[in-house]
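Each chain, letter by letter, is given below.
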Amino acid sequence: MTAPSSDSQPAAATPVPEAPHAAGTKKRLGIGAWLCMGWLGLMIVIAVIGPWLGLDTSSNFELKGQPPFWNGHILGGDGLGRDLFNQIILATRASIFVSFSAIIIGTVVGGFLGLISGYFRNRFAGALGSVFDILLAYPPIVLALTLVSVFASDPSGSGFQREMVVIISLAIVSVPILARITRANTLVWADREFVHAAEAMGASKWRILFREILPNVVPAMLAFSMLGIAVAIVAEAALSVLAVGLKADTPSWGNIISTGRDDLASSPNIVFSAVAVLFLTVLSLNYLGDVIRAHFDVKEAAL
Amino acid sequence: MRKLVTRLGRLVLVVIVVTFLTQLLTEFVPGSLDQILAPFSTPAQTKAIRADLHLDDNVVVRYGRWLGDFVQGDLGKRYTGAQSSIPVGPEVRRALPVSLEIMVWAQLVALVIAIPLGVVAAYRQGRWLDRIISSSAFAFLALPSFCLALILSYYLGAQLKLFPSVVTRIPGWSEGIWTHLKVLVIPVISLALGQAAVYLRLLRSDLLSTLQQDFIAVAKAKGLTPRRILWRHALRPSSLTLLTVVGLQTGALIGGAIVVEVIFGIPGMGTLIQYAITKRQYIELQSEVAIVAIVFVVVNFAADYLYSVLDPRIRT
Amino acid sequence: MTTTTPEAAVPNPPGSTPLLEVRDLVTHFRSPRGLVQAVNGVSFSLQRGRTLGIVGESGSGKSVLSRSIMGLNPRSTSIRSGQVVFEGRDISDLDDSAFRELWGKQMSMVFQDPMTSLNPVMRVGRQITESLRHHLDMDRDQAKQTAIELLRAVRIPEPERRLRAYPHEMSGGMRQRVVIAIALACGPKLLMADEPTTALDVTVQAQVLDLLDEQRRDRFMGMILVTHDLGVVANHADEIAVMYAGRIVEKAPTSVLFHHMKMPYTQALLRAIPRIEMPSHTRLDAIGGRPPDLVNPPAGCAFSPRCPYAQERCFVDAPALQVDPADPSHSFACHFPLESPDQVPPAKPMEVA
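Residues numbered from 1 in each chain as written. Chains lettered and ligands numbered in written order. Predicted model: local features only at pLDDT ≥ 70, side-chain atom pairs only at ≥ 80, totals over all residues. Heavy atoms only, no water.

**A look at the sheet that holds strand 6 (residues 107-110) of chain C**
Residue and element names in this part refer to chain C. The condition is simple: DSSP-based pairing: two strands are paired if at least 2 bridges between them are found. Strands are runs of DSSP state E lasting at least two residues, helices are runs of H or I lasting at least four, and both sets are numbered from the N terminus onward. To obtain each axis, a line is fitted to C-alpha atoms, and for helices this fit is confined to the stretch in contact; angles are then taken between N-to-C directions over 0 to 180 degrees. Here, two residues are considered to be in contact whenever any of their heavy atoms come within 4.5 Å of each other.
On the basis of which strands lie adjacent, the open sheet formed by 8 strands has the order 6-7-8-3-9-10-12-11 and mixed pairing. The sheet terminates laterally at strand 6 and strand 11 (322-324), the two strands that pair on one side only. Ignoring strand direction, the axes of neighbouring strands in this sheet form an average angle of 25 degrees. Where helix 7 (residues 172-184) meets the sheet, it contacts strand 6 and strand 7 (190-194), and its direction lies at approximately 175 degrees from that of strand 6. Against the sheet, helix 8 (residues 202-219) contacts strand 3 (51-55), strand 7 and strand 8 (222-227), and its axis sits at roughly 160 degrees relative to strand 8.

**Re unusual backbone geometry**
Residues and elements named next belong to chain C. Just so we agree on the cut-off: The classification of residues rests on relative accessible area computed with a 1.4 Å probe and restricted to protein chains. Under 20% of the type maximum is buried, over 50% is exposed, and intermediate values are partly exposed.
The backbone of F220 shows a phi angle near 55 degrees, a positive value even though the residue is not glycine. Its location among the elements puts F220 in the loop between helix 8 and strand 8. The backbone of A245 shows a phi angle near 50 degrees, a positive value even though the residue is not glycine. Note on placement: A245 falls in the loop between strand 9 (239-244) and strand 10 (247-253). With a relative accessible area of 8%, A245 lands in the buried category.

**So, empty space enclosed by the protein**
All names here are of chain B. Condition: A pocket, in this scheme, is an open set of points on a 1 Å grid over the protein atoms alone with protein on both sides within 12 Å along at least 5 of 7 lines, while a cavity is a set where a 1.4 Å probe fits but cannot get out; residues line either one if an atom lies within 4 Å of a point. Grid points are joined across faces, edges and corners, and a volume is the space filled by probe spheres set on the points.
Within this structure, the stated rule accounts for 6 cavities of 30 Å³ or more. Of the pockets and cavities examined, the largest cavity occupies roughly 110 Å³. In this structure, the largest cavity is lined by L96, S99, L100, M103, I254, A257, I258, E261, M269, G270, V292 and V295. Elements with a contribution of two residues or more to the lining of the largest cavity: helix 5 (88-123), helix 11 (226-264), helix 12 (269-278) and helix 13 (282-310).

**Observations concerning the nonpolar core**
As a reminder, the rule being used: Only buried Ala, Val, Leu, Ile, Met, Phe, Trp, Tyr and Cys residues count toward a nonpolar core, and they belong to the same one when joined by side-chain atoms within 4.5 Å.
Residues L170(A), W253(A), I257(A), L278(A) and F146(B) are the most contacted members of the largest nonpolar core, which totals 135 residues. Per element, the largest residue contribution to this core is 13 residues, and it comes from helix 7 (residues 205-241) of chain A. Not counting residues within four places of it along the chain, the set of residues in contact with W253(A) comprises M43(A), I88(A), A91(A), T92(A), S95(A), I96(A), I233(A), E236(A), A274(A), V277(A), L278(A) and T281(A). The next biggest cluster of nonpolar side chains, apart from the first, holds 100 residues, and it includes M70(C), M192(C), L212(C) and A252(C).

**Some remarks on the packing of aromatic side chains**
Definition in use: Between the rings of Phe, Tyr and Trp (Trp by its six-membered ring), a pair exists once the centres lie within 6.5 Å; its type follows the angle of the planes, with under 30 degrees stacked, over 60 edge-to-face, and the other angles tilted.
The tally for this structure, following the rule as stated, stands at 18 aromatic pairs over all chains. A network of ring pairs unites the aromatic residues F112(A), Y119(A), F120(A), W206(A) and F210(A) as a single cluster.

**Quick notes on the domain arrangement of chain B**
For clarity, the cut-off: What marks off one domain from the next here is an automatic or database domain assignment.
When cut into domains, chain B gives domain 1 (2-89) and domain 2 (97-279). Placing the centre of domain 1 of chain B and that of domain 2 of chain B at their C-alpha centroids yields a distance of 36 Å.

**Observations concerning the side chain of T92(A)**
Residue and element names in this part refer to chain A. Within the secondary structure, T92 sits in helix 2 (residues 84-119). Overall, T92 belongs to the buried group, its relative accessible area being 2%. Once you skip the residues sitting within four places of it in the chain, T92 turns out to touch M43, I46, A47, F97 and W253.

**As for the interface of chain B and chain A**
Let me state the cut-off plainly: Here the quantity called buried area is the total loss of accessible area, with a 1.4 Å probe, experienced by two parts when brought into contact, counted for both. In the sections that follow, a salt bridge refers to a side-chain nitrogen of Lys or Arg positioned within 4 Å of a carboxyl oxygen of Asp or Glu. As used in this structure description, the phrase polar contact means that two N or O atoms lie within 3.5 Å; if the pair is within protein, one of them must be able to donate a hydrogen and the other to accept it, and residues adjacent in sequence are counted only when both atoms belong to side chains. When residue character is reported, Ala, Val, Leu, Ile, Met, Phe, Trp, Tyr, Cys and Pro are called nonpolar, Asp, Glu, Lys and Arg charged, and the others, Gly included, polar.
With 47 residues of chain B at the interface, the matching set in chain A holds 39 residues. With both sides pooled, the region where chain B packs onto chain A buries about 3,700 Å², and carbon together with sulfur makes up 80% of that total. By the criterion of area lost to chain A, the three top residues of chain B are L25(B), F138(B) and L150(B), representing 15% of everything that side buries. At the boundary of chain B with chain A, the tally comes to 1 salt bridge. Where R201(B) meets D290(A), a salt bridge forms, and the shortest distance between an N and an O atom there is 3.1 Å. Inspection of the chain B/chain A interface yields 4 residue pairs in polar contact (both at pLDDT 80 or more). Here the side of chain B that touches chain A takes 9 residues from helix 1 (residues 2-27) of chain B, the largest share from any one element. Of the residues in the side of chain B that touches chain A, the class split is 36 nonpolar, 7 polar and 4 charged.

**Here we look at a positive patch on the surface**
Put simply, the rule reads: Think of a patch as exposed residues, more than 30% relative accessible area, with no salt bridge, where like charges cluster within 9 Å and nonpolar side chains (Val, Leu, Ile, Met, Phe, Trp, Tyr) cluster within 5 Å. Per-residue and other accessible areas follow the Shrake-Rupley method at a 1.4 Å probe size, with only the shown protein chains counted as cover for residues. In this count, Lys and Arg are taken as positive residues and Asp and Glu as negative ones, while His and the chain termini are left out. Every charge is mapped onto a representative atom, which is NZ of Lys, CZ of Arg, CG of Asp or CD of Glu.
Side chains of R232(B), R236(B), R126(C), R133(C) and R140(C) sit close together on the surface and give a patch of like positive charge. Listed by contribution, the elements that provide at least two residues to the positive patch are helix 11 of chain B together with helix 4 (124-136) of chain C. Summarising the element assignment, R236(B) is placed in helix 11. Owing to a relative accessible area of 32%, R236(B) belongs among the partly exposed residues under this scheme.

**A closer look at the environment of T116(C)**
Of note, T116(C) is situated in the loop between strand 6 and helix 4. For the pair T116(C) and E158(C), spaced 42 residues apart in sequence, the C-alpha to C-alpha distance is 23 Å. Excluding residues within four positions of it along the chain, T116(C) makes contact with D214(B) and F215(B).

**Some remarks on the packing of helix 5 of chain B against helix 11 of chain B**
Residues and elements named next belong to chain B. Inclusion rule: Take the far helix as the reference: if the near one is turned anticlockwise from it by less than a right angle, the crossing is left-handed, and if turned clockwise, right-handed.
Packing of helix 5 against helix 11 brings their axes to within 8 Å, and their N-to-C directions diverge by 145 degrees. For the pair helix 5 and helix 11, the sense of crossing is right-handed. Two secondary-structure elements touch here, helix 5 through S99, M103, A106, Q107, L111, I115, P116, V119 and Y123 and helix 11 through P226, L230, W231, L235, L242, V246, T250, L253, I254, A257 and E261. Of the residues in the contact of helix 5 with helix 11, the class split is 16 nonpolar, 3 polar and 1 charged.

**Quick word on the side chain of H135(C)**
Note that H135(C) resides in helix 4. By relative accessible area, which is 11% here, H135(C) ends up buried. In terms of polar contacts, H135(C) uses its side chain to reach the backbone carbonyl oxygen of W103(C), at 3.0 Å. Ignoring sequence-local partners within four residues, the contact set of H135(C) consists of K222(B), G223(B), R100(C), W103(C), G104(C), K105(C) and C186(C).

**Let's talk about the pattern of salt bridges**
Using the criterion set out here, one finds 21 salt bridges over all chains in the structure. Here E91(B) makes a salt bridge to R94(B), at a shortest N to O gap of 3.0 Å. Taken together, the residues E91(B) and R94(B), both in helix 5 and 3 residues apart, mark about one turn of the helix. E130(C) is the partner of R228(B) in a salt bridge, and the nearest nitrogen-oxygen pair spans 3.5 Å. Here R228(B) is found in helix 11, whereas its partner E130(C) is found in helix 4 on a different chain. Overall, the relative accessible area of 24% leaves R228(B) in the partly exposed class. Residues participating in the shared-partner salt-bridge network are D290(A), R293(A) and R201(B).

What follows is the structure, given as C-alpha cells:
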C-alpha cells in the first residue's frame, strides 16, 4: 500500500471481498529471523571482543595447512601455520567494522540526499535525482576499485588508514543506491494526505520532512541497509581477492580467502571456513532485510 | 524514433560523465602522475613523459584530449618502464571479447536455470518443491560468485579434475567447440548461479502477482490447461519485468566477472583492470573503465529499448 | 455459430431436466480470521434460454456463488458441499481437468472488469482464437474467420482490423464486448455474467446488457446475471434471486418481485439503485449499516441489525426460505414480510441517502 503499482487500476471494488488474503497476517518473527539475529549478534560480539581475547596468533610450522581437528585445532591451520579458528575470530573485527561503517555512512548521507531530492520540488532536487541516475550507471565494483586505488595509492599507509579508505570508498559507492531508494519511498509518502495536511497547517518543510516523512521511510532504508551491509561484506572480500582491499596483514575474511587461494588444492579448509562464515553472515543480513520489508510492506517499486 | 535519439543522447552523456569522473579521480592521486606511471625515471625521461601526456595542461583539456583519442580507438598506453610503453588498445581488443563471451554465457545459463524453476515454483507456490527451489535461490543469493568459483574449482577442478581451475588462455573455437567451452564451464557456472537466483526470485514473485490477475481467471474459465495458462498468459507480462532486471543485473555481473576472471587468471577485462590498478596505470585504467561503463550503459539501454518494443502498452 | 451437440438438437420440453440445478450449495473459505461462510445453502434451477438475476451488495456472496458453480474457486482454501447439476450431471465433485472440458465449451463467464480481464500483452484475436483452437480443434484460418464472426456478433466495427489490436487500444465498452466474444466463442450453454457492466460507463451499460440478452436468445443459453443493481436485472432477467450473507433471501419472477416485494432488504436495495450521476463504483452504503461479518454472522436473521422492521424474534430466530402461500413462484426468508399484517412500521426512519 506504500507504492502505486505501475499498470493496474487503483484497487476497484474487489469482486470477491470474502476471499481470504494471506498477506498482512504474519506479523510475528519466525524462528529463521531469530536465528539470523542470533548469528549477527554473535558476529558483532566477536568483532568487538575478538581483539581483546588474547588469542594465539603465533606461527607454528607443523600447523601449516593442517586439516580441521588436527591436534585440537578446530579448523586446522592457515597457510602461515597459525590457528585458523583464531584467525577467523580476529578477522571478524575488520570485516564487520568496514562493512557496517561504510553502510552507516552511506545510509546517513544517501538517506539525507534521497529525502531532500524526493521531497523538495526544486531544481536542486531534480539535479540531485539525475546525478544519482548517472552515478548508478557506473558499475559499482569498478567504482569501488577506482576509488580504493586512487585513495590508497600510498603503499606506506598504515592498516588503519587503508581500512578508512575502503570504508569511504564503499560508502561513496552505496550513496547513490541508498539515496535512490530513499528518494523513491519519499516520493510516495510526500504525496500522502497527512503530509498535505501538515503543509496546509503551515508546518515548516524541514519539520515535515523529518517528523512526518522520515519515520515512514525508515523501514525501507533499514531493510536496504541490511542488504547494503551484506553487499559491503562481499565487496570487502572481493577487493581483497583483487589485492586492492585491506592490507594483507590485516586479518579479514576477504584476506583469509585471498591468501587461502594459494593453498586451495591442498588445504581447502582455509578458504571454505572463511567462505562459510561470510556466507552465513550475508544470508542472515539478506534474510533480515527481507523480514523487515515484509513486515513493513516495503515495496521495491519505482526503483 | 525521437525517443530513441533522446535515449542515445543520454547514453553518450552518461559515458562522458563517468569517464570524466574517472579522470577527475586520478587528479586526487597523491604524487605526480609521471612518477606513478613510470617510477624510477630520470628527470629527462620524466620531462618526456610529462610532455607526451600533456600533464601540464588542466584536467578539462586533458580530458578532451583523452576523449578525442578514445573515440578514434586510441586507448592510451601502459608504461612498462621509464622508456618503454605498450598501447592499451590491442590489449583491450583481445580481452573484451573474452569477458563479453563469459558474461553472455552466464546470462544465458542463468535464464535457462531461472525461467523453468521460477515458473515451477510459482505454480507450486507453498508446496515442498517451491520451498526447496525458493530456499536454494535464497542461499545462492548469499554466496558471492567468487566464493562459488573457489568451491567449484576445488571440487570440479582440483578433486575431480573435470575442468581446469586455472585458465590463462582460452582456446579458440577452431580448436574444437568442447575444448573452447570446457575452460569456461566453472567461471560461467559460478557467475550464473547467483544471477539465476535473482531472476528466479523475481520471476516467481512477479508470476504470483500475475496469477492473481483477472485475465488469468478468464484464461482458466476458457478451459485452457494450467501449462498453457502459465507459459502463454502469465509468463509473457512477467518476462518483460525480467528483461529490465537482466539489464540492471549486468552491473552486478560485471563486478562478479572481474573477480572471477582474476581468480582463474582469465585474460579478460577484469584481469586487465586489476593489472592497471595494481601497477597504478591510471591512463590505462581510465580507458578500461570507460569501456566497461559503455558496455553496462549499452546493455541497460538495449534492455530498456527492447522492453519498449516488446510491451505493446508502451509501444505506440 | 450454433452448436449442434446431440443434446441441444432435442429441445427440452418445459418442465424436464433444467440446464442447471443448484441444491443446497455451501462454500466456505479458510482464512486467517476463521471460516468465511461465503455461500450458505443456496438452491435454484435454471432452464435453457432463461436469465436468472442474482442481486446483492458486495460481500453478499454472489460472486463466490457464481465461481463456485463453475468450479473456479481455489480448491485448497475452500470447502464445498451441496450439489451442482449441469444437464442432469452432478458436477460438484469434478476436478480441474474434468472441469476444463466444461469451461469455455459448456459454460463460460464474463468477468466484471474489462480493463483487467484481457491479457494486456496479447493481441485480442489470439485471446479469442486460442479457445477455439483448443476446444474445437479449428485450424488457424477457421479460427480467425470464427473470431471475425464473433466480433461482428458483439457489434465491434471493423472486426478484421480489431483482431490485431491490443486491449489497451480499445475502450472499456469495446473490451467488454471482446470479453463477451471470448465467453461465447465455443458456444456455451450456460453464461455467467459477473457484474458485467459495473466497470462501464452508464451509457455503455445498457448496450452491453442488451447485447448479452440478444446473444442469450440467439444461442439459447441459460444466463446468470450477477449484479448489485436491481435496476440492471429488472429489464434483463426472467427471475431474480436476492442474496444476503450467503443465502437467498427472496426469489421470484421479475414482475412478481417488483410488485409484491416481501423482504425489507430487497426494498432497501431497490431504494439504493445507483443514480446516473453517481460514479460507477459507488458502494451501496445507501443501506444503513454494513454487510454482516461472514466469519461471525449475527444470530437470527442476518439482516436484522440493519432492518428497520426488525422485531425481537428477528434477532434470535433465523427465518427459513419459505414459499409465499399466495404465489408458489415466490419465496422469501422473513418473519415479518412487507405488506403483512404482523409488520410494525419502522421504529426509526429508514436511512436512505
